[in-house]
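Listed below, chain by chain, are the residues.
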Amino acid sequence: MTERVRAGVVGVGSMGRHHARVYSELPSVELVGVTDVDPDSARSVAAEFDTRAVDREDLLARADAVSVAVPTRFHEEVAREAIEAGTHVLVEKPFVDDPEVGRSLLAEARERDLAVQVGHIERYNPAILALQDVIVEVDPIAFAARRQGPPVDRDSVDSVVFDLMIHDIDVVCSLAGEPVSDVSAAGAADGDHVVAQLEFESGHVASLTASRVTQQRIRDLAVTAEDCHVDVDYMDQSVQIHRHSLPEYVATDGDVRYRHESVIERPTVETGEPLKNELSSFAEAVQDGSEPRTTGEDGIRAVEIAAWIESEVEASAETVPPEVPNL
């Protein structure tokens, strides 16, 4: 395919509207329509981005590819309908509720030679793209991710694990490049604050924290390696590499003080909008028939681990703590 990709958006809520905006801005894409169960929303978004509000059947007939930005419980229905219509699909995270459903969708897509990409947007964050170049040169042994903030105004039926932590599950699994062998987790604040520990087959570990009740917005990742420590800030789109740490005690005017010095490298990060990177990558996969950067298999893996974490949270809540003697 050498012409512009004819793209559409199914579901123009808070995220779908941004998909429509970015598609309208990409030179390799023609936004051919949007659709939504709320016709007024569809018409409003269509007018804003100079396209048409159409029904779903019409959109799938017009488009080469669509973004599926509906609530998770409708992902299977919409994605399957798109695949059966011969349309490439980008499905927002989480990919599906049931991993077996995801495998069924991928099998159908393979039969029709269609791309299925999952919207794990943080993999397209410029800071993570820069980190991937750093990772090639070091041997990570541990990851620590925090995705925290205050309660949000938008409605979400997805848990904090499937809504927030799933981003970091996908990122650390892609960086580790190996299966998860064990999971432990616990929750607080009625499940709106969850801490999980992942162990990989090599023995490397990851600590993930996701919260909707933290009165500070945090989106960061730390990578510990044998000879360096790397800090990533998703919001600032920055990467810092700490090397050659030199801790020592020094005497100053008779007082002993602790001093810690290190060399900090700041790799160049080509900042930009992660969603634009994501949809550009999707359009490229559709045009040249390449495999998407975030595949359906990646989406299934993230869903399976998220479900494992939730089961551990539930189990920890049901465990009766031992009696502590009065001392």
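Provided above is the structure to which this section pertains.
First things first, this report covers the structure right here in the doc. Residue indices begin from 1 for each chain and proceed along its sequence in written order. In view of the model being predicted, local features appear only for residues whose pLDDT reaches at least 70, and side-chain atom pairs are presented and counted only at 80 or more, with totals across whole chains, interfaces and linings using the full set of residues. To get the side-chain values, take all heavy atoms of the structure and skip hydrogens and water.

**What about the overall build of the protein chain?**
Here is step 1: Labels follow the DSSP assignment, with helices taken as runs of H or I lasting at least four residues and strands as runs of E lasting at least two, numbered in each case from the N terminus. Along its length, the protein chain carries 9 helices and 13 strands.
Here is step 2: Taken over the C-alpha trace, the protein chain has a radius of gyration of 22 Å; the compact-globule value for 327 residues is 20 Å, and the two agree within 12%.
Here is step 3: Oriented by its inertia axes, the alpha-carbon framework of the protein chain measures out at about 80 × 50 × 35 Å.
Here is step 4: Three labels apply to residues, based on accessible area from a 1.4 Å probe with only protein chains included: buried if under 20% of the type maximum, exposed if over 50%, partly exposed otherwise in between. In the protein chain, which comprises 327 residues, the share counted as buried stands at 49%.
Here is step 5: The long-range share in the protein chain, meaning contacts at least 24 apart out of those at least 6 apart in sequence, stands at 66%.
Here is step 6: Accessible surface area values rest on a Shrake-Rupley calculation with a 1.4 Å probe, where residue burial reflects the displayed protein chains alone. Carbon and sulfur atoms make up 47% of the accessible area of the protein chain, which totals about 16400 Å². This radius of gyration counts C-alpha atoms alone. The globule rule is 2.2 Å times how many residues there are, raised to the power 0.38. Contact definition: two residues touch when any of their heavy atoms are within 4.5 Å.

**A closer look at the sheet that holds strand E3 (residues 65–68)**
Here is step 1: One requirement defines pairing of two strands: DSSP has to find at least two bridges between them. One open sheet holds the 5 strands; their spatial order is E2-E1-E3-E4-E5, and the pairing between them is parallel. Each end of this open sheet is capped by a strand with a single partner; those strands are strand E2 (29–35) and strand E5 (116–119). Shown here is a sheet whose adjacent strand axes are inclined to one another by a mean of 20°, direction ignored.
Here is step 2: As paired elements, strand E4 (residues 88–92) and E5 share 4 bridges and run parallel to each other. Its bridge partner lying in E5, Glu92 is registered against Gly119. Note on method: axes are straight lines fitted to C-alpha atoms, helices fitted across the in-contact stretch only, with angles between N-to-C directions ranging 0 to 180 degrees.

**Remarks on the nonpolar core**
Here is step 1: Core analysis: the largest hydrophobic core is formed by 47 residues, its most contacted members being Leu131, Leu221 and Ile309.
Here is step 2: A total of 12 residues in this core trace back to one element, the largest contributor, which is helix H7 (residues 160–176).
Here is step 3: Residues Leu59, Ala79, Val96 and Leu105 belong to the second largest nonpolar core, which totals 25 residues. Take the buried residues of types Ala, Val, Leu, Ile, Met, Phe, Trp, Tyr and Cys, join any two whose side-chain atoms come within 4.5 Å, and each joined set is a nonpolar core.

**Overview of the packing of aromatic side chains**
Here is step 1: Paired rings are identified among Phe, Tyr and Trp, the last through its six-membered ring, by centres lying within 6.5 Å, and are further divided according to the angle between planes into stacked (under 30 degrees), edge-to-face (over 60) and tilted (the rest). A full pass over the atoms with the stated rule returns 1 aromatic pair.
Here is step 2: With centroids separated by 6.4 Å and ring planes inclined at 70°, the aromatic side chains of Phe143 and Phe200 adopt a geometry described as edge-to-face. In this pair, Phe143 is assigned in strand E6 (residues 140–148) and Phe200 in strand E8 (residues 193–200), connecting sequence segments 57 residues apart.
Here is step 3: Residue class for Phe143 comes out buried when judged on its relative accessible area of 4%.
Here is step 4: Whether a charge sits over a ring comes down to the Lys NZ or Arg CZ being within 6 Å of the ring centre and within 35 degrees of the ring normal. We note Arg147 situated over the ring of Tyr234; from NZ or CZ to the ring centre the distance is 4.9 Å.

**Here's the deal with the packing of helix H5 (residues 99–111) against helix H9 (residues 296–318)**
Here is step 1: Direction vectors running N to C along H5 and H9 enclose 175°, while the axes themselves pass 10 Å from each other. Classified by the angle between their axes, H5 and H9 sit roughly antiparallel to one another. Contacts between H5 and H9 involve Pro99, Gly102, Arg103, Leu106 and Arg110 from the former and Gly296, Glu297, Ile300, Val303 and Glu304 from the latter.
Here is step 2: Polar here means any residue outside two lists: the nonpolar Ala, Val, Leu, Ile, Met, Phe, Trp, Tyr, Cys and Pro, and the charged Asp, Glu, Lys and Arg; Gly therefore counts as polar. Its residues assigned to classes, the contact of H5 with H9 shows 4 nonpolar, 2 polar and 4 charged. Roughly parallel means an angle under 35 degrees; roughly antiparallel, over 145; roughly perpendicular, 65 to 115; everything else is oblique.

**Considerations on the environment of Val194**
Here is step 1: Its place among the elements puts Val194 in strand E8.
Here is step 2: In this structure, the C-alpha to C-alpha distance between Val194 and Glu81, residues 113 residues apart in sequence, is 35 Å.
Here is step 3: Discounting chain neighbours no more than four positions away, the residues touching Val194 are Val160, Val161, Met165, Ala186, Gly187, Leu208, Thr209, Ala210, Ile309 and Val313.

**Topic: the pattern of salt bridges**
Here is step 1: The term salt bridge refers to a side-chain nitrogen of Lys or Arg lying within 4 Å of a carboxyl oxygen of Asp or Glu. What the rule picks out here adds up to 25 salt bridges.
Here is step 2: Here Asp170 and Arg123 are joined by a salt bridge, their closest N and O atoms 2.8 Å apart. Of this pair, Asp170 sits in helix H7 while Arg123 sits in the loop between E5 and helix H6 (126–135), and the two are 47 residues apart along the sequence.
Here is step 3: A relative accessible area of 1% places Asp170 in the buried class.
Here is step 4: A relative accessible area of 6% places Arg123 in the buried class.
Here is step 5: Residues joined by salt bridges that share partners form a network here, namely Arg21, Glu25, Glu273 and Lys276.

**What to know about the pairing of E8**
Here is step 1: The alternating pattern of E8 places Val194, Ala196, Leu198 and Phe200 on a buried face and His193, Val195, Gln197 and Glu199 on a face that is not buried.
Here is step 2: Bridging between strand E7 (residues 180–188) and E8 involves 8 bridges; their strand directions are antiparallel. Residue pairing for E8: Ser184 is matched across the bridge by Gln197.
Here is step 3: In this antiparallel pair of consecutive strands, E7 and E8, the connection spans 4 residues, and Ala189 shows a positive phi of 55°.
Here is step 4: Two elements, E8 and strand E9 (residues 205–211), share 7 bridges in a ladder whose sense is antiparallel. Looking at E9, one finds that His193 is bridged to Ser211.
Here is step 5: Taken together, E8 and the strand that follows it, E9, pair antiparallel across an intervening segment of 4 residues, in which Gly203 is found at a positive phi of about 100°.

**Quick word on unusual backbone geometry**
Here is step 1: Following Lys93, the chain continues into Pro94 via a peptide bond in cis, with omega recorded as -15°.
Here is step 2: With respect to the helices and strands, Pro94 occurs in the loop between E4 and H5.
Here is step 3: A positive phi angle, close to 55°, is found at Asp113, a residue other than glycine.
Here is step 4: Counting through the fold element by element, Asp113 comes out in the loop between H5 and E5.

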